[in-house]
Amino acid sequence: MDLLSMTSARTRSEIRPVLWDGQSCLLIDQTALPGSLRTVAIETSEQMATAIRTMIVRGAPAIGVAAAFGMVLGRREADPAQPLPHLQKVASLLRSTRPTAVNLFWAIDRMLAAAHLDSSVAHLEGEAIAILEADIATCRAIGDHGLAALPATPHRLRLLTHCNAGALATAGYGTALGVVRSAHRAHRLERVWADETRPRLQGARLTAWELVQEGIPVTVIADTVAAHLLGKGQIDAVVVGADRIAANGDVANKIGTRGVAILAHYHGVPFFVVAPWSTIDLDLADGSGIAIEERSPEEVRTIDGVVLAPEGTDFYNPAFDVTPAALISGIVTETGVFAPAQLGAALRR
Ligand SMILES: CSC[C@H]1O[C@H](OP(=O)(O)O)[C@H](O)[C@@H]1O
């Protein structure tokens, strides 16, 4: 199975980080990129939990899709006569992997609901495949809505992005990078400025890899450079992904996003959050209640095994931060672009 394209006649540039071959879930190992394009075959629910926790697969929609197949693998492990107790245990295991991205919990809940209707392997497999395929279609719609929302400029657009909200973070095409792909295909894009995004470097390692694959001009910058470029008028808009959006439009996303939003606001540059409805958590009134994952200090202390600070130094490694709704120009979804304050009404239509 070619992870760079589905079985259907798609171009090689269609990156698919999560695929199902009927027996196992094939993941692009994102910890190995950009050096090597490695596939990991996940055959048990435990292996899937580990893959999510160690960020072999990462990105809010992608870990939701992966967890859905983790539930299929869990169903195959269960007592066929009474599968639901084991499925509940697998659901708890998968929920425990990462706390911030709501897509993980949304997908697990959807698979459990499907199992209560029909707990057959075939039904759960069909549900997980439906989640995967819907996400790709959703990202394509998001890309086109986002393109329409970008500022009209006499020149081609210079877009800044943070972390990786690309095909690798979804089932394919990407959210923020979906907008980038749509802009590129419409010949409206000059370049993407990609924050390297310390400490896991998703921008340098993953966003750059995706865009280079497709011949989309990308320049990686240290996270500290964005202010300089905004001050020089080198950025026309910012597009970022999201891991959880509260009902009032506050957004949890990769650490550093809040700072970029503040900079963009100061410089009068539009700041778009790009995410499917499955990332919106209407049960959460505002961002103050969003659980922020804290990852190992080792991720900050070292790069490729090289220690960056003296013994005795403490390290703090929150993986996400919350951007207030007031700093967000628009939330780009598969059904259109909404002001943060419009979200609740728009979803309840
Ligand atoms: C398409 S949303 C991707 C979202 O997830 C990333 O976090 P991580 O790499 O830790 O899974 C980052 O927040 C992206 O914006």
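Residues numbered from 1 in each chain as written. Predicted model: local features only at pLDDT ≥ 70, side-chain atom pairs only at ≥ 80, totals over all residues. Heavy atoms only, no water.

(A) Molecular detail of the site of the ligand. Gly59, Arg98, Asp243, Asn253 and Lys254 are the nearest of the 18 residues found near the ligand. Between the ligand and Arg58, the relevant distance is 2.9 Å, taken from an oxygen atom to a side-chain nitrogen or oxygen of the residue. Taking Gln202, its side chain carries an N or O atom lying 3.0 Å from an oxygen atom of the ligand. When the free accessible area of the ligand is taken as 410 Å², the share hidden by the protein chains comes to 99%. For the shell around the ligand, the secondary structure elements donating two or more residues are helix H2 (60–77) and strand S9 (251–254). Here the shell around the ligand spans two domains, and each of domain 1 (4–137) and domain 2 (153–347) adds at least three residues to it. (Near = heavy atom within 4 Å. Polar contact = N/O pair within 3.5 Å; in protein donor to acceptor, adjacent residues only side chain to side chain. Areas by Shrake-Rupley, 256 points an atom, 1.4 Å probe, with all protein chains shown as cover. Helix = DSSP H or I, 4+ residues; strand = E, 2+ residues; numbered from the N terminus. Domains from an automatic or database assignment.)

(B) Quick look at the packing of aromatic side chains. In total, this model carries two aromatic pairs according to the counting rule given. Seen in terms of ring centroids, Trp20 and Phe69 are 5.2 Å apart; in terms of plane orientation they differ by 15 degrees. Their pairing is stacked. Note that Trp20 is positioned in strand S1 (residues 18–20) and Phe69 in helix H2, a separation of 49 residues in sequence. Look at Phe69 and you get buried, because its relative accessible area is 0%. Judged by centre distance (5.4 Å) and plane angle (55 degrees), the ring pair of Trp277 and Phe338 falls under tilted. Taken together, the residues span a long stretch of sequence, with Trp277 in the loop between strand S10 (271–274) and strand S11 (280–281) and Phe338 in strand S16 (residues 336–338) at a distance of 61 residues. Per residue, the accessibility class of Trp277 equals that of Phe338, and both read buried. Over the ring of Phe320 we find Lys254, and its NZ or CZ is 4.0 Å from the ring centre. (Phe/Tyr/Trp six-rings, centres within 6.5 Å; stacked < 30°, edge-to-face > 60°. Buried < 20%, exposed > 50% of the residue type's maximum accessible area, 1.4 Å probe, protein only. Lys NZ or Arg CZ within 6 Å of the ring centre and 35° of its normal.)

(C) Examining helix H7 (residues 202–213) more closely. With twelve residues, H7 extends 15 Å from end C-alpha to end C-alpha; this agrees with the ideal 16 Å at 1.5 Å per step. With nine of its twelve residues buried, H7 lies for the most part within the structure. Along H7, the residues classified as buried are Gln202, Gly203, Arg205, Leu206, Thr207, Ala208, Trp209, Glu210 and Leu211. Of the surrounding elements, those touching the buried residues of H7 are strand S4 (157–161), helix H6 (176–185), strand S5 (189–195), strand S6 (218–221) and S9. Residue Gly215 follows H7 closely and has a positive phi angle near 70 degrees. (Expected span 1.5 Å × (residues − 1). Contact = heavy atoms within 4.5 Å.)

(D) View of the state of the cysteines. Applying the stated criterion to the full structure yields zero disulfides. Free of any disulfide, Cys25 has its nearest neighbouring cysteine sulfur in Cys139, separated by 16 Å. (Disulfide = S-S within 2.5 Å.)

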